[in-house]
Amino acid sequence: MILETERLLLRPWEEKDAAALYEYARDPRVGPAAGWPPHTSVENSLEIIRGVLSAPETYAVILKSLGKPVGSVGIMFPGKGSAPIVVASAHSGTHYPAALTELSDLKIADFRRFEDAAVDKLFSFVPNFEIPFLTATYARVWVDLNRAPDELDPAMYYDSLPAARADSPRVQSGLGVIPRYIAPNLPVYKSKLRFDDVKKRLDNVYAPYHAALFNTIRAHIARFGKNLLIDAHSMPDLPPDRLIKGKTPDFVLGDVDGSSCAPEITRFAAETLREMGYFVTVNLPYGGAYTTKHYGRPAQNSHALQVEIARHLYWDAEKYEKTPYFDTLWHHLCLFIDKMRRFMQD
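Within each chain, residues carry numbers counting from 1 in the order of the written sequence. Per-residue local features are limited, in this predicted model, to residues with pLDDT of at least 70; the limit for side-chain atom pairs, both in listing and counting, is 80 or more; totals at the level of whole chains, interfaces and linings are taken over all residues. With hydrogens and water stripped out, all remaining heavy atoms of the structure feed into the side-chain values.

> Explain the overall build of the protein chain to me, and be specific about the residues and the numbers.
Strands are runs of DSSP state E lasting at least 2 residues, helices are runs of H or I lasting at least 4, and numbering of each runs from the N terminus. Scanning the protein chain for helices and strands turns up 11 helices and 14 strands. Structurally, the protein chain occupies a C-alpha span of about 70 × 45 × 45 Å along its principal axes. Three labels apply to residues, based on accessible area from a 1.4 Å probe with only protein chains included: buried if under 20% of the type maximum, exposed if over 50%, partly exposed otherwise in between. Buried positions account for 50% of the 346 residues belonging to the protein chain. Any pair of residues with heavy atoms lying within 4.5 Å of one another is described as a contacting pair. Considering only contacts within the protein chain whose residues lie at least 6 apart along the sequence, 74% involve residues at least 24 apart. If you average the places of the 40 positive and of the 42 negative side-chain charges in the protein chain, the two averages end up 1 Å apart. Positive charge is attributed to Lys and Arg, negative charge to Asp and Glu, and no charge count is given to His or to the chain ends. By convention, the charge on Lys lies at NZ, on Arg at CZ, on Asp at CG and on Glu at CD.

> How would you summarise the side chain of His-303 if you had to cite specific residues and measurements?
Considering the arrangement of structural elements, one finds His-303 in strand β12 (residues 302-310). Note on His-303: relative accessible area 9%, which makes it buried. N or O atoms closer than or at 3.5 Å make up a polar contact, with two conditions inside protein: a donor-capable atom paired with an acceptor-capable one, and, for residues adjacent in sequence, both atoms drawn from side chains. Within the structure, His-303 has its side chain in polar contact with the backbone nitrogen of Ala-262 (distance 3.1 Å). Leaving out residues up to four positions away in the same chain, His-303 has contacts with Asn-227, Leu-228, Leu-229, Ser-260, Cys-261, Ala-262, Ile-265, Gly-296 and Pro-298.

> Mind laying out the packing of aromatic side chains, listing which residues take part and the relevant values?
Any pair of Phe, Tyr and Trp rings, taking the six-membered ring for Trp, is counted once the centres come within 6.5 Å. Such a pair is stacked with planes under 30 degrees apart, edge-to-face with planes over 60 apart, and tilted for the rest. The tally for this structure, following the rule as stated, stands at 10 aromatic pairs. Geometrically, the ring pair formed by Phe-125 and Trp-330 is edge-to-face, given 5.5 Å between the ring centres and 85° between the ring planes. Taken as a pair, Phe-125 in the loop between α6 (119-122) and β6 (133-135) and Trp-330 in helix α11 (residues 326-345) lie far apart in primary sequence, 205 residues in all. When sorted by exposure, Phe-125 lands in the same class as Trp-330, which is buried. Through a chain of ring-to-ring contacts, three or more aromatic side chains come together here, namely Phe-123, Phe-125, Phe-129 and Trp-330. Sitting above the plane of the Phe-114 ring, Arg-140 keeps its charged end 4.2 Å from the centroid. If you follow Lys-322 out to its NZ or CZ, it ends over the ring of Phe-326, 4.4 Å from the centre. The criterion for a charge sitting over a ring is simple: Lys NZ or Arg CZ within 6 Å of the ring centre, and within 35 degrees of the ring normal.

Take a look at the structure:
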């Protein structure tokens, strides 16, 4: 489709536009305001044209007087998506309610180490592909969206609980849906909680997130006949006794030992990342948590793949800021999602 006005022409991006795209996209005042990093070279801009700006209904804005692109625009049609994929980031929320600091002796800086820092920023391009992107608003320490709603620790509450899976390994380690610890011997709360207050968190934060995820997956299966949920997370460096080939993998893909995702999807995802030069493992040491297990039902054409990204690749935990490699990783993830999108369309 081509749209034209007296001054402007909207047309699909072409590879020959790479130099013009780089000319304005390298400006640090342009990209970050839209959620993407400045382009680093003409070759980088060409990659973005091929991998991101080739998405359906994405157009170059041509200023006729100059004869070259001066911007980009995407046209979104209600109910239209480009592929049976959903991307979710359950642990990148950064909102810390005032009630949390009143209930705890810890500081916000302590809680931030518990975040999947900036994973939502790493995948900020996803809507440009017309792919649904669900992200947490509230911090993981307030409600952990990657847990079952009944993974509750009775010892944390004054009152009795209606139901609690107290024998869950994650509850036993203090990492239930309402975390008890953010690190060994570092409790979140200074006293017990009242379940009536916690229930409001589950009703107002947990339930809407999973309702949206469930309904989106169901709609995709109804429309496309299948769906792939990419459950995006980040991970700290592994301790010395858990290193793999002497180091922390760059990516760990989890499909619950083959039970949450068709093997050809997992294999294609791993090969795609390895071709970019990353050290990738599958189900080692992380196979997938609640979200992957709950929504991954290949027999019903609902696939779920957990993607853990090594935090040291893109994040300086001490300074709480991006590392210089963040932009490169962002671009690689653009290409990764584009290839997964095309794979799932076949």
